[in-house]
Amino acid sequence: VSQSRYHEHYGYWAMFFGALIEGETFLLAGGIAAKHGLLHLPGLIGMAILGAYLHDNFFFFLGRIAGRRLLALSHRWQEAARKSERLFNQYGIWLVASCRYFYGLRTIIPTVIGMSNMSTPLFLIFSGLGAIVWSITFILGGYFFGMLLDTLLIHIHGNELTAMIIALLLLGALITVYVVWYRDWE
């Protein structure tokens with residue numbers, strides 16, 4: 001594969017594997033690549049949906065087959081399973097559709113749900129809806145971030161120091177929000 005076609009050849013597979021291993025970063029980067037014409041948006045979204053859907057369903061069926069035995073192997077997994085079970089009892093099918101947004105729990109949530117009495121067809125439907133919404137959210141987020149970045153780069157010329165200070169402040173705010181939010185899930 002020539003250097004110029006590298007992204008076309010591997011970009012869609014990278015999106016599939018990125019979604020399969022839970023990588024929002026891959027989806028955001030894919031959206032930016034689509035904005036710059038390197039990859040096609042519908043193909044990226046399709047591959048991300050497929051990867052996310054396979055991930056969630058793999059862990060759902062793993063939970064059905066061997067969930068209790070797997071949880072017995074690790075105290076940390078048992079803690080995460082208890083959190084996931086509380087969330088499932090509270091939100092039911094809506095947790096299935098939104099579990100991809102629960103960083104740190106999105107592998108254990110489908111496993112715990114697989115151990116529950118939820119019907120397989122119901123899980124498959126809401127897991128699919130969740131994969132679609134999650135994939136579109138992050139890929140379009142990357143796409144629109146790419147648009148914003150292009151606009152900012154045009155207007156930033158001559159104001160690099162101000163832009164860097166604003167970027168560092170925003171990064172600090174994001175890290176603070178993440179730390180506070182993540183602590184609530186522990």
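Trainee: Would you explain the overall build of the protein chain in this entry?
Mentor: From N to C terminus, the protein chain includes 8 helices and 0 strands. The order of helices and strands in the protein chain, counted from the N terminus, is α-α-α-α-α-α-α-α. In the protein chain, which comprises 186 residues, the share counted as buried stands at 36%. In the protein chain, of all internal contacts separated by at least 6 residues, the share reaching a separation of at least 24 is 79%. If the 12 positive side-chain charges of the protein chain are averaged to one point and the 10 negative ones to another, these points end up 9 Å apart.

Trainee: Is there a simple way to think about the pattern of salt bridges in this case?
Mentor: Close approach of charged atoms allows side chains of opposite charge to pair. This structure, assessed with the given rule, holds 2 salt bridges. The shortest N-O distance in the salt bridge between Arg106 and Glu24 comes to 2.6 Å. You can see Arg106 sitting in the loop between helix 5 (93-98) and helix 6 (108-115) and its partner Glu24 sitting in helix 2 (residues 24-35), a full 82 residues away along the chain. Grouping residues by exposure puts Arg106 and Glu24 together as buried. Measuring nitrogen to oxygen at the nearest pair gives 2.7 Å for the salt bridge that ties Asp56 to Arg100. Residue Asp56 is found in helix 3 (residues 41-71), and its partner Arg100 is found in the loop between helix 5 and helix 6; the two are separated by 44 residues along the sequence. Comparing Asp56 with Arg100, the two get one shared label, buried.

Reading the values: rules and limits
Each chain has its residues counted from 1, running along the sequence as written. Side-chain atom pairs in this predicted model are given and counted only at pLDDT of 80 or more, local residue features only at pLDDT of at least 70, and totals for whole chains, interfaces and linings cover all residues. In computing side-chain properties, one takes all heavy atoms of the structure into account and sets aside hydrogens as well as water. By definition, any uninterrupted DSSP run of H or I lasting at least four residues is a helix, any uninterrupted run of E lasting at least two residues is a strand, and each is numbered from the N terminus. Any residue under 20% of the maximum accessible area for its type is buried, any over 50% is exposed, and the rest in between are partly exposed; the area is computed with a 1.4 Å probe on protein chains only. We call two residues contacting when some pair of their heavy atoms lies within 4.5 Å. Here Asp and Glu are counted as negative and Lys and Arg as positive; His is not counted, and neither are the chain ends. Charged side chains are reduced to one point each, which is NZ for Lys, CZ for Arg, CG for Asp and CD for Glu. Take a side-chain nitrogen of Lys or Arg and a carboxyl oxygen of Asp or Glu: if they are within 4 Å of each other, that pair is a salt bridge.

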